[in-house]
Amino acid sequence: MIQTDIIIIGAGPVGLFTVFEAGLMKLRCHLIDAIPQAGGQLSEIYPKKPIYDIPGFPSILAGELVDNLLKQAAPFNPGFTLGERAETIEKHKDGSFVVTTSEGTQHQAPTVMIAGGLGSFEPRKPKIETLAQFEKKGVEYMVREPEAFVGKKLFVSGGGDSALDWAIYFAENHDIPVGLVHRTDMFRGHKDSVEKVYALQAQGKIDLYTHAEVVDLHGTDKLEQIELKQKDQDNIKVNVDYWLPLFGLSPKLGPIGDWGLEIEKNAIVVDNSLDYQTNLPGVFAIGDVNTYPGKLKLILCGFHEATLAVQTAYKIIHPDKRFTMKYTTVQGIQGFE
Ligand SMILES: Cc1cc2nc3c(=O)[nH]c(=O)nc-3n(C[C@H](O)[C@H](O)[C@H](O)COP(=O)(O)OP(=O)(O)OC[C@H]3O[C@@H](n4cnc5c(N)ncnc54)[C@H](O)[C@@H]3O)c2cc1C
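Residues numbered from 1 in each chain as written. Predicted model: local features only at pLDDT ≥ 70, side-chain atom pairs only at ≥ 80, totals over all residues.

Caption draft 1: Representation of the environment of Asp320. Locating Asp320 in the fold gives a position in the loop between α7 (299–317) and α8 (328–331). Residues Asp320 and Glu227, 93 residues apart in the sequence, show an inter-C-alpha distance of 65 Å. (Helix = DSSP H or I, 4+ residues; strand = E, 2+ residues; numbered from the N terminus.)

In structure tokens form, the structure reads like this:
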């Protein structure tokens, strides 16, 4: 059981900034995110886009903002459970909450901040009848630990950045060629990545199949073959250890919607007159995931909400102490070991 002061669900910009604000109050945080990296929408959807409305930064790339937020949170040594979705919340008799993930990891704390944005990113799944039979038995929708695929025969499907980046990574880091399958010969990924894919194909490190798609899966206990349909050709079966359909991720509020929270239009209703607490005392919702009159889904609004929410969290965690806010210019940053 991971013990902390604040369990933060969602390692997007708002969850990351919460670590900093909580740290100033000497509160420890542990973040849970369904995707294997921090940054939420900024990392997943638009890492290379410039953002122009972060105070003090006339322009900053989304990916750079995430790097900066991680750096700003680092002195407060947050814990991370990444690549696992928060599934259930339970309130114990002592008032603490236990949040359990899809992989069974348990976290306990007196307070919970839901910074879940538009929800957890769920993989877009291809429509193949036998798909469910081979999930986690050869079919993987995310690359959590690339080392797990060393020496394995891999096929990646998709035409976006994620599919291209991983195909390139495996081609460059493994001895066995990696297969890449895409419906057309027009890729949505970066031009540089597309050029690299063709260069690696020429070197025999990527087996590229365009105008093709995986239409069936075969195997007994685990995936053994994928069946490829190619334009104007007969279907072929290819031996594989893993197939990675990387068709992007779409956000869904998911299990948080069943936690007894008041929900309005797919967002969690909070009290914005004070501290962004939900109808469950001790559980807060901040950033894109919440709603209240006048709500704006902007990063800077989420930062403000996080700052106020941790003030009440402090009172719940230390009911007999008083915290006097001091400017960072006065108190500096005192991190944790
Ligand atoms: C293309 C685009 C451009 C944008 N441009 C701007 C801009 O210029 N300025 C601006 O201010 N805003 C912009 N936004 C909006 C901005 O990205 C959001 O306001 C911001 O990402 C919200 O941050 P967040 O931390 O609340 O949520 P998110 O960034 O959505 O992060 C939430 C995280 O929570 C995780 N999560 C959710 N549920 C669970 C669960 N059950 N278990 C585990 N993890 C979970 C998700 O996986 C995700 O990583 C833009 C958005 C898009 C899509």
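What follows picks up the thread again.
Caption draft 2: Inspection of the sheet that holds strand β14 (residues 206–210) at higher detail. Across the sheet, 4 strands lie side by side as β14-β13-β12-β18; this open sheet has parallel pairing. Whereas interior strands pair on both sides, the edge strands pair on one side only; in this sheet they are β14 and β18 (242–245). Here the average twist between neighbouring strands, direction ignored, is 15°. Inspection of the sheet shows strand β12 (residues 154–157) paired to β18 by 4 bridges, in the parallel sense. Bridged to Phe155 within β18 is Trp243. Most of the contacts of helix α5 (residues 161–173) go to β12, to which it runs at about 160°, and overall it touches β12, β13 (178–182), β14 and β18. Against the sheet, helix α6 (residues 191–202) touches β13 and β14, its axis set at about 120° to β14. (Pairing = 2+ DSSP bridges. Axes fitted to C-alpha atoms, helices over the stretch in contact; angles between N-to-C directions. Contact = placed C-beta atoms within 7 Å.)

Caption draft 3: Here's a closer look at the sheet that holds strand β17 (residues 236–239). Taken together, the 3 strands give an open sheet; going across it, the order is β15-β16-β17, and neighbouring strands pair in antiparallel fashion. The sheet is open, and its two borders are formed by β15 (212–219) and β17, each paired with just one other strand. Taking each pair of neighbouring strands and ignoring which way they run, the sheet shows an average axis angle of 30°. One ladder, built from 7 bridges, connects β15 with strand β16 (residues 223–230); its direction is antiparallel. Along β16, the bridge assignment pairs Glu213 with Lys229.

Caption draft 4: Representation of the packing of helix α1 (residues 13–24) against helix α3 (residues 62–73). In the contact formed by α1 and α3, the axes pass within 8 Å of each other and the chain directions differ by 25°. Accordingly, the angle class assigned to the pair α1 and α3 is roughly parallel. At the point where α1 passes α3, the crossing takes the left-handed sense. From α1, Pro13, Leu16, Phe17, Val19 and Phe20 reach across to α3, where they touch Leu65, Val66, Leu69, Leu70, Gln72 and Ala73. (Parallel < 35°, antiparallel > 145°, perpendicular 65-115°, else oblique. Left-handed = near helix turned anticlockwise from the far one by under 90°.)

Caption draft 5: Spatial organisation of the domain arrangement of the protein. Each assigned domain of the protein is listed here: domain 1 (2–122 + 250–331) and domain 2 (125–247). Its C-alpha centre places domain 1 at a distance of 34 Å from the equivalent point of domain 2. (Domains from an automatic or database assignment.)

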